[in-house]
Amino acid sequence: MLIVSAEEMRRLDNMAQQLGVPALLLMENAGRALADHAERLLAGLPFEGLTSCQAQAGDAVLPARLPKKQIAILAGPGQNGGDGFCAARHLAARGHEVKVGFFGKQAKLPEEAHMNYQMLASYPVEVYPVETMSPQEVLDALGHPDLIIDALLGIGGQGDPRSPMDMAIRWANSQDAPVVACDIPSGLSADTGYAYSPCIQADLTITMGFAKIGLLSYPGRMYTGHLIVEKLSFPPGMVVDYHREGGQTQAGLPSQAQADGPITILAKAATMEQAARLMPVRRGDHHKGVSGHVVVVAGCVGMAGAGVLAAKSALRAGAGTVTLICPGGAYNACAGAVPEVMVVPCGESGVFCPSKDCIEVVRTNLERATAVVLGPGWGRGDFQTQFLKEILPIASKKTCVIDADALFALRQLGGFSYLAGLQGNFILTPHPGEMSVLTGLSTGQIQKDRPGYARQGAHESNSVVCLKGAGTCTAGPSGQLCVNTSGGPYMATAGSGDVLTGVIAALAAQGLPPYESAWLGVFWHGLAGEAAFRRKGAYGILAGDIIECLPEARALIGAPETN
């Protein structure tokens, strides 16, 4: 599913109008869609197949005629408010008692919004404007509705909502009534998913044209509720899907906007359909050599399990052969853990060290590798940093997943720019704390713009970056972005990240390019977590449970195992 920034959406709106679709028609379609889905919500009709913030296409099936309901519409001073005025007309025409709180000035409304405001005079709609009443008087007049429509701010809102918008948002959140957000919950950043204060807590969001990045990226997903994408009447052919077109635009280069012709959209939310198209399949004459060889360089005394988890998950994800290289001191702990994995000791120490013998062990094994994992359970210190410095040039010749303590060592070597200089096929999988180490920014700052910092890290390192966490953001060096939609908080357990590195490496070993290996691995890993949740419940899931559920999740994706 394509997802767009606020600026891209504005350009698409303008393009539609240049192609002959009037803005008034787009607003009429948006207002009708709001009214339709509001009635579905009031009727208690299910949003089939949806969990919170999974997107469904529009074209609502209307319920049988509803008894009169009290509906309050909070309208702002822009086009979003115009959508709300239009919805008010439709709902009033269907017999509902509609009240509009208008938090703007009539004279400053855009043309289409002003026309819809004037049309309300012909309908049984009560309008309470802050131009003639105090904000509190407006809110008191709205009473205690059965449903609230938020049409206050739209995608242009930036920063904490100011008075009187903040009062309206707090009022809506305090009411015992479902809230339908028009396009995006007011107070939510369309680009980052950051929730300003206050922010509408919607039960349902009807987004117009295309889903916005902030609706899928956390914490935005928690404020969005169920998500419906209404295509309105946008002409086909306005966009090029970078992912579906194999990373090429008409000009042959990825670009967020072509000078002429369709706009290339670089961001998407992961879906089952997209995953099924990419998932490796096996012919009848398949053998393990075709599925590649993953070499996992991981572990130390006290953290041997990290390497074991990464190696085992690589096997479960379809790698033909997996070798685990561990420090000699951790060999006994690793050797018997997974009999299907080849375990090779590296030196005699309890941690990896940059001795010639140790580096030669790694070099010999990496020559036979198709994909490499570096970092799980290494520990942190000068030995590990120098060890990484020695082996990175060797690993750069393969698709190489860098995780955990190797990310800390990478920062000691120079971080993103150091990696870019090696010109390899690298995939970095930091959680926000590790991203903080790599960037020098606080974890809180990174969490305010997860998509943006994932893209920045990918650009600076000329690598793929998976910024892990709720709604993992996977970015490529050309600006590609995939926001994950699978998994949940029950996966927040030690070793879950090690499992992910193994899955990504296994996909790369089976022939997928780095960016596709990364986002598909994240999605598959999340689906396995969902399967473990169904088996075990929300608490007590172990990383090993996720590994065991990888085949079950693979079946859910639906691509054929053989052809």
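The rules behind each value
Residues numbered from 1 in each chain as written. Predicted model: local features only at pLDDT ≥ 70, side-chain atom pairs only at ≥ 80, totals over all residues. Heavy atoms only, no water. Helix = DSSP H or I, 4+ residues; strand = E, 2+ residues; numbered from the N terminus. Rg over C-alpha atoms; globule rule 2.2 N^0.38 Å. Buried < 20%, exposed > 50% of the residue type's maximum accessible area, 1.4 Å probe, protein only. Areas by Shrake-Rupley, 256 points an atom, 1.4 Å probe, with all protein chains shown as cover. Lys, Arg positive; Asp, Glu negative; His and termini not counted. Charge placed at Lys NZ, Arg CZ, Asp CG, Glu CD. Salt bridge = Lys/Arg side-chain N within 4 Å of Asp/Glu carboxyl O. Phe/Tyr/Trp six-rings, centres within 6.5 Å; stacked < 30°, edge-to-face > 60°. Disulfide = S-S within 2.5 Å. Pairing = 2+ DSSP bridges. Axes fitted to C-alpha atoms, helices over the stretch in contact; angles between N-to-C directions. Patch = residues over 30% accessible without salt bridge, like charges linked within 9 Å, V, L, I, M, F, W, Y side chains within 5 Å. Contact = heavy atoms within 4.5 Å. Parallel < 35°, antiparallel > 145°, perpendicular 65-115°, else oblique. Left-handed = near helix turned anticlockwise from the far one by under 90°. pLDDT = per-residue confidence, 0-100. Right-handed = clockwise from strand over helix to strand, strands pointing away.

1. With respect to the overall build of the chain
Here comes step 1: Along the backbone of the chain there are 22 helices and 22 strands.
Here comes step 2: Computed over the C-alpha atoms, the radius of gyration of the chain is 26 Å, within 12% of the 24 Å expected from 2.2 N^0.38 for a compact globule of 563 residues.
Here comes step 3: Seen through its C-alpha atoms, the chain measures out along the principal axes to roughly 85 × 50 × 45 Å.
Here comes step 4: Per-residue burial for the chain yields a buried fraction of 57% across its 563 residues.
Here comes step 5: Total accessible area computed for the chain in this model is approximately 21700 Å², and 51% of it derives from carbon and sulfur atoms.
Here comes step 6: Side chains of the chain give 41 positive and 49 negative charges; the mean places of these two sets differ by 4 Å.

2. Looking at the pattern of salt bridges
Here comes step 1: Counted according to the given criterion, the structure contains 16 salt bridges.
Here comes step 2: A salt bridge links Glu548 to Arg316, with the nearest nitrogen and oxygen atoms 2.9 Å apart. Residue Glu548 is found in helix H21 (residues 543-548), and its partner Arg316 is found in helix H10 (residues 304-316); the two are separated by 232 residues along the sequence.
Here comes step 3: By relative accessible area, which is 31% here, Glu548 ends up partly exposed.
Here comes step 4: Where Glu552 meets Arg534, a salt bridge forms, and the shortest distance between an N and an O atom there is 3.8 Å. Of this pair, Glu552 sits in helix H22 (residues 550-557) while Arg534 sits in helix H20 (residues 514-536); the two residues are 18 residues apart in sequence, bridging distant segments of the chain.
Here comes step 5: Residue class for Glu552 comes out partly exposed when judged on its relative accessible area of 29%.
Here comes step 6: By relative accessible area, Arg534 is classed as partly exposed at 49%.

3. Describing the packing of aromatic side chains
Here comes step 1: Under the defined criterion, the tally for this structure stands at 9 aromatic pairs.
Here comes step 2: With a centroid separation of 6.4 Å and 55° between ring planes, the pair formed by Phe210 and Phe234 is classed as tilted. Here Phe210 is found in the loop between strand E8 (204-208) and strand E9 (211-212), whereas its partner Phe234 is found in the loop between strand E10 (226-230) and strand E11 (239-241), with 24 residues between them in sequence.
Here comes step 3: A network of ring pairs unites the aromatic residues Phe85, Phe102 and Tyr117 as a single cluster.

4. Topic: the state of the cysteines
Here comes step 1: By the definition in use, this model includes 1 disulfide.
Here comes step 2: Through a disulfide, Cys346 is tied to Cys358; the S-S separation comes to 2.2 Å. Its S-S torsion of about 115° marks the bond between Cys346 and Cys358 as right-handed, since a negative value means left-handed. Taken as a pair, Cys346 in strand E16 (residues 342-346) and Cys358 in helix H12 (residues 356-366) lie far apart in primary sequence, 12 residues in all.
Here comes step 3: A relative accessible area of 1% places Cys346 in the buried class.
Here comes step 4: Of the residues examined, Cys358 reaches a relative accessible area of 0% and is grouped as buried.
Here comes step 5: Of all cysteine sulfurs, the one in Cys358 lies closest to Cys353, which takes part in no disulfide; the gap is 4.9 Å.
Here comes step 6: Taking relative accessible area as the criterion, Cys353 reaches 16% and is therefore assigned buried.
Here comes step 7: As a non-bridged cysteine, Cys466 has Cys482 as the owner of its nearest cysteine sulfur, 9.2 Å distant.
Here comes step 8: Looking at Cys466, the relative accessible area reads 0%, which means it is buried.

5. Considerations on the sheet that holds E16
Strands belonging to one sheet form pairs held by backbone hydrogen bonds; the direction of such a pair is parallel or antiparallel.
Here comes step 1: What the 10 strands build is an open sheet, ordered E13-E22-E21-E20-E19-E18-E17-E14-E15-E16; its pairing is mixed. Across the chains shown, the open sheet's two edge strands, defined by having one partner strand only, are strand E13 (267-269) and E16. Neighbour to neighbour, the strand axes of the sheet diverge by 15° on average, direction disregarded.
Here comes step 2: Of the pairings in the sheet, the one linking strand E15 (residues 321-327) to E16 comprises 5 bridges and is parallel in character.

6. Looking at a nonpolar patch on the surface
Here comes step 1: Taken together, Met115, Met119 and Tyr123 make up a surface patch of nonpolar side chains, about 230 Å² in accessible area.
Here comes step 2: Relative to the elements of secondary structure, Met115 occurs in helix H4 (residues 111-119).

7. Some remarks on helix H6 (residues 165-174)
Here comes step 1: Here H6 has its buried residues at Met165, Asp166, Ala168, Ile169, Trp171 and Ala172.
Here comes step 2: Taken together, the buried residues of H6 touch strand E3 (70-75), helix H5 (135-142), strand E6 (147-151) and strand E7 (179-182).

8. A closer look at the packing of helix H2 (residues 23-43) against helix H3 (residues 79-93)
Here comes step 1: Running from N to C, H2 and H3 point in directions that differ by 55°, and their axes come no closer than 7 Å. Viewed along their axes, H2 and H3 adopt a mutual orientation that is oblique. At the point where H2 passes H3, the crossing takes the right-handed sense. The segment H2 lies against H3, with Met27, Glu28, Ala30, Gly31, Arg32, Leu34, Ala35 and Glu39 engaging Gln79, Gly82, Asp83, Cys86, Ala87, Arg89, His90 and Leu91.

9. Things to note about the confidence of the model for the chain
Here comes step 1: Summarising the model, the chain shows a mean pLDDT of 93, and 93% of its residues fall at 70 or more.
Here comes step 2: Every residue in residues 248-259 scores below 50 in pLDDT, and together they form 28 contacts with partners more than four places removed in sequence or on other chains.

10. Observations regarding the pairing of E15
Here comes step 1: With 7 of its 7 residues buried, E15 lies for the most part within the structure.
Here comes step 2: Where strand E14 (residues 293-297) meets E15, 5 bridges bridge the pair, whose relative direction is parallel. Its bridge partner lying in E15, Val294 is registered against Val322.
Here comes step 3: A crossover connection joins E14 to the parallel E15 through H10; in handedness this β-α-β unit is right-handed.

11. Brief notes about the environment of Gln136
Here comes step 1: Take Gln136: it is sitting in helix H5.
Here comes step 2: On the accessibility criterion, Gln136 (39% relative accessible area) is partly exposed.
Here comes step 3: Each C-alpha atom, one on Gln136 and one on Trp171, is 9.5 Å from the other, the two residues being 35 residues apart in sequence.

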